[in-house]
Amino acid sequence: MKKKFMMIVIGMLFVGLLTACGDEDDNNGPTGDATVDTIEDGYFTFGSSGLYKPFNYEDLDGNLTGFEVELGEALAEEMGLKPKPVATQDFGALIEEVKSDRLDAIMGSMTITEDRAKSIDFSDPYYRSGGVIYVHNDTSDIESPEDLEGHNVGVVASSTYEEMVMEYISEDNLKTYQSDNVALQDLSAGTDRLDAVVTDRFVGMMQIEENDLDIRPVGERVFDEEIGAGVKKGNTELLDEINRALQALIDNGTYEEISKKWFDESILE
Amino acid sequence: MGFWELFIETIPGYKDAIINTINITLLGLLIGLGIGLFFAFLKVSKLKVLNIIADMYIYLVRGTPLIVQIFILYFGLVQFVDLGRLLSGGIALGIHNGAYIAEIFRGSIQSIDRGQTEAARSLGMTSTMSMRRIVLPQALRRAIPPLGNQFIIALKDSSLVAFIGFQDLFNRAQRIQSSTGMAMESYIIVGIYYLILVLILTFIVNRIERALSKSERGVDHE
């Protein structure tokens, strides 16, 4: 009977290993004419949280998609590489993933800031946007960032929005989320747990449109942001190559095509 | 979109997630069984120093949250070696469950009446022999029900690897919630997937238990 038990255990191990081997087969292999060295030969591995529709998210079939994912795929092609988009689930972990060579680049709507530039290098901006305050439709006492004081404000952890709202509210009122989309959905529920959410204007507009959320933006952009691809500090070879590829996509119209598909406008300026 | 539409439309996307959850749980359990057996022997050993080592391990692992262990292996260890998501999560699950499994094995080994060992020794068996031929077969059978329990806990706890970005069931549910805004539906759907997996696991454990008790019947006179 001990034998039988061991057989079952070994059988389970075998099945597990077999299915594990079947995991990494989605791409057809590198093309071989790469213009730059990457962590995995022939692949451009770029990461985002995967929770930031319409920039990076999964569709119902489980495929990673969105503006940044398509842009990353186009960049990869321009660099002679196969694209390998990765979702980390945690926005705050992205910098760590690049520093530890698990990602070639962050393409996860990471705003270029001085602080972040100390630990990673940023490419030229590939889109420009800005933070906007969203409130529930029934809320009328929040009209500017100053009014946020004393209110519960939802933001994504480690984001520039978190940094910004902390100038106005205390730690007690800070509600951090993994996903801006979820924060907005929570706001729409209209409970006391959230009075406002600060997030990107495109993200907010799309959520209102698609999911019929009971929320509205307050005023104009609170601040402007430039978003770039982040690479490991000192990896100038890859950085130059990303900048070159980005410029090429802008020049040949591919950038505008992708941007219009998602936003009906070019979001480069 | 309603519940059933979401359920049906997300089935293809859940396929990989189910496989990934099964893989990481199996990996965790295999490592956990090895670790558990090892430390159980240390705990029942007559050498005091081995007992202490086992106690230390169990205290350390049971005293810290699984999510902390997962983050140490995935984010901490990368300075020295990059294990990747599957291995970091699987090993963390194994280390964690190993501590509980060690206690299960220890309990079941000690539950076998000492008189049996003494009888075996008086018949001329060495202590290793009596352990292997008399005590362990019975102890293993007694360990199956609590082990099955632990396997179910491990399967559910594997959802924590979603937080290092491993594409398991829970991770998938979070993404569906994020992109559809259907929180209640998304999490009920993933709950159903876990229930199905637990059902299958329970069935397998029951079968093992029955197979073992059948072949033991002639030996054990309780």
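What you see is a predicted model; the values in this text were computed from it and never measured. (Residues numbered from 1 in each chain as written. Chains lettered and ligands numbered in written order. Predicted model: local features only at pLDDT ≥ 70, side-chain atom pairs only at ≥ 80, totals over all residues. Heavy atoms only, no water.)

> Summarise the overall build of chain A; cite the residues concerned and give the values.
Helix and strand content of chain A: 9 helices and 11 strands. Residue burial in chain A is summarised as follows: out of 269 residues, 54% are buried. Residue pairs in contact within chain A that sit at least 24 positions apart in sequence constitute 69% of those at least 6 positions apart. Working note: accessible area of chain A is about 12,200 Å², and carbon and sulfur atoms make up 47% of it. (Helix = DSSP H or I, 4+ residues; strand = E, 2+ residues; numbered from the N terminus. Buried < 20%, exposed > 50% of the residue type's maximum accessible area, 1.4 Å probe, protein only. Contact = heavy atoms within 4.5 Å. Areas by Shrake-Rupley, 256 points an atom, 1.4 Å probe, with all protein chains shown as cover.)

> Which residues make up the sheet that holds strand β4 (residues 64-65) of chain A, and what are the values?
Residue and element names in this part refer to chain A. Taken together, the 3 strands give an open sheet; going across it, the order is β2-β3-β4, and neighbouring strands pair in antiparallel fashion. Unpaired on one side and paired on the other, β2 (51-52) and β4 mark the two borders of the sheet. Bridge count between β2 and strand β3 (residues 56-58): 2 bridges; the pairing is antiparallel. The residue of β3 that forms the bridge with Tyr52 is Asn56. (Pairing = 2+ DSSP bridges.)

> Explain the domain arrangement of chain A to me, using residue names and the numbers behind them.
Interface size is commonly expressed as the accessible surface area that is lost when the partners come together. Residue and element names in this part refer to chain A. Segmenting chain A into domains produces domain 1 (34-128 + 226-263) and domain 2 (130-223). Here domain 1 and domain 2 have C-alpha centroids that lie 26 Å from each other. Facing 15 residues of domain 1, the contacting portion of domain 2 comprises 18 residues. Note on domain 1 versus domain 2: buried area summed over both sides is about 1,400 Å², and carbon and sulfur give 57% of it. Ranking the residues of domain 1 by area buried against domain 2 places Leu51, Tyr52 and Lys53 at the top, with a combined share of 38%. Applying the counting rule to domain 1 against domain 2 returns 1 salt bridge. One salt bridge in this structure joins Lys53 and Glu210, with 2.7 Å as the shortest N-O distance. Contributing elements (two or more residues each) for the side of domain 1 that touches domain 2: β2 and β7 (120-136). In terms of residue class, the side of domain 1 that touches domain 2 is made up of 7 nonpolar, 4 polar and 4 charged. (Domains from an automatic or database assignment. Buried area = accessible area lost by both parts, 1.4 Å probe. Salt bridge = Lys/Arg side-chain N within 4 Å of Asp/Glu carboxyl O. Nonpolar A, V, L, I, M, F, W, Y, C, P; charged D, E, K, R; others polar.)

> How would you explain the nonpolar core if you had to name every residue and give the values?
Counting residues in hydrophobic clusters, the biggest one holds 60 residues, and the most contacted among them are Phe44, Phe67 and Leu148 of chain A. Among the domains, domain 1 (34-128 + 226-263) and domain 2 (130-223) of chain A are the pair contributing at least three residues each to this core. Excluding its chain neighbours within four sequence positions, the residues that come into contact with Phe44 of chain A are Gly72, Leu75, Ala76, Met79, Leu81, Lys82, Pro83, Lys84, Asp104, Ala105, Met107 and Ile242 of chain A. One finds Phe7, Ala143, Tyr194 and Val198 of chain B within the second-largest nonpolar core, a separate group that totals 33 residues. (Core = buried A, V, L, I, M, F, W, Y, C linked by side-chain atoms within 4.5 Å.)

> Could you give an account of the pairing of β7 of chain A, naming the residues involved and the relevant values?
Residues and elements named next belong to chain A. In terms of residue burial, β7 counts as a mostly covered element, since 15 of its 17 residues are buried. Judged from the 13 bridges that link them, β7 and strand β11 (residues 215-232) form a sheet pairing that is antiparallel. Along β11, the bridge assignment pairs His136 with Ile215. Two strands pair when backbone bridges link them, and β7 and strand β10 (residues 196-200) are joined in this way by 5 bridges, in the antiparallel orientation. Looking at β10, one finds that Val135 is bridged to Ala196.

> Could you give an account of the interface of chain A and chain B, with specific residues and numbers?
On the side of chain B, 42 residues touch chain A, which itself brings 40 residues to the contact. Roughly 3,300 Å² is buried in total at the junction of chain A and chain B, and carbon and sulfur atoms are behind 56% of that figure. Seen at the junction of chain A and chain B, the total is 4 salt bridges. A salt bridge links Glu58 of chain A to Arg175 of chain B; its shortest N-O distance comes to 2.8 Å. For the interface between chain A and chain B, the tally reads 18 residue pairs in polar contact (both at pLDDT 80 or more). Residue assignment for the side of chain A that touches chain B shows that the elements contributing at least two residues are α1 (2-21), β3, β5 (82-87), α3 (94-99), α6 (180-188) and α7 (201-211) of chain A. If one sorts the elements of the side of chain A that touches chain B by residue count, α1 of chain A sits on top with 10 residues. Among the residues making up the side of chain A that touches chain B, the classes are represented as 15 nonpolar, 14 polar and 11 charged. (Polar contact = N/O pair within 3.5 Å; in protein donor to acceptor, adjacent residues only side chain to side chain.)

> Which residues make up unusual backbone geometry, and what values go with them?
Residue and element names in this part refer to chain A. The omega angle of the peptide bond from Lys53 to Pro54 is 5°, so this bond is cis rather than trans. With respect to the element layout, Pro54 can be found in the loop between β2 and β3. Non-glycine residue Asp101 carries a positive phi angle of around 60°. Position of Asp101 relative to the elements: it lies in the loop between α3 and β6 (105-106). In this model, Asp212 sits at a positive phi of 60°, which is unusual for a non-glycine residue. Considering the arrangement of structural elements, one finds Asp212 in the loop between α7 and β11.

> Hey, could you go over a nonpolar patch on the surface for me, with residue numbers and the actual values?
A contiguous nonpolar surface patch, about 360 Å² in accessible area, is contributed by Ile196, Ile200, Phe203 and Ile204 of chain B. Turning to its location among the elements, Phe203 of chain B is positioned in helix α9 (residues 183-216). (Patch = residues over 30% accessible without salt bridge, like charges linked within 9 Å, V, L, I, M, F, W, Y side chains within 5 Å.)

> Which residues make up the confidence of the model for chain A, and what are the values?
All names here are of chain A. With 88% of its residues at a pLDDT of 70 or more, chain A has an overall mean of 88. Ranking the helices and strands of chain A by mean pLDDT puts β6 first, with 97, and α1 last, with 55. Under a pLDDT of 50 for its full length, residues 21-27 has, in the predicted model, 4 contacts with residues more than four places off or in other chains. (pLDDT = per-residue confidence, 0-100.)

> Lay out the packing of aromatic side chains in plain terms, naming residues and giving numbers.
Under the counting rule described, the total for this entry stands at 24 aromatic pairs over all chains. Consider the rings of Phe55 of chain A and Phe67 of chain A, whose centres lie 6.1 Å apart with planes at 85°: the pair is edge-to-face. Highlighted residues: Phe55 of chain A in the loop between β2 and β3 and Phe67 of chain A in helix α2 (residues 67-78), separated in sequence by 12 residues. Taking the relative accessible area as the measure of exposure, Phe55 of chain A reaches 0% and is therefore buried. Taking the relative accessible area as the measure of exposure, Phe67 of chain A reaches 0% and is therefore buried. Consider the rings of Phe163 of chain B and Phe170 of chain B, whose centres lie 6.0 Å apart with planes at 50°: the pair is tilted. (Phe/Tyr/Trp six-rings, centres within 6.5 Å; stacked < 30°, edge-to-face > 60°.)

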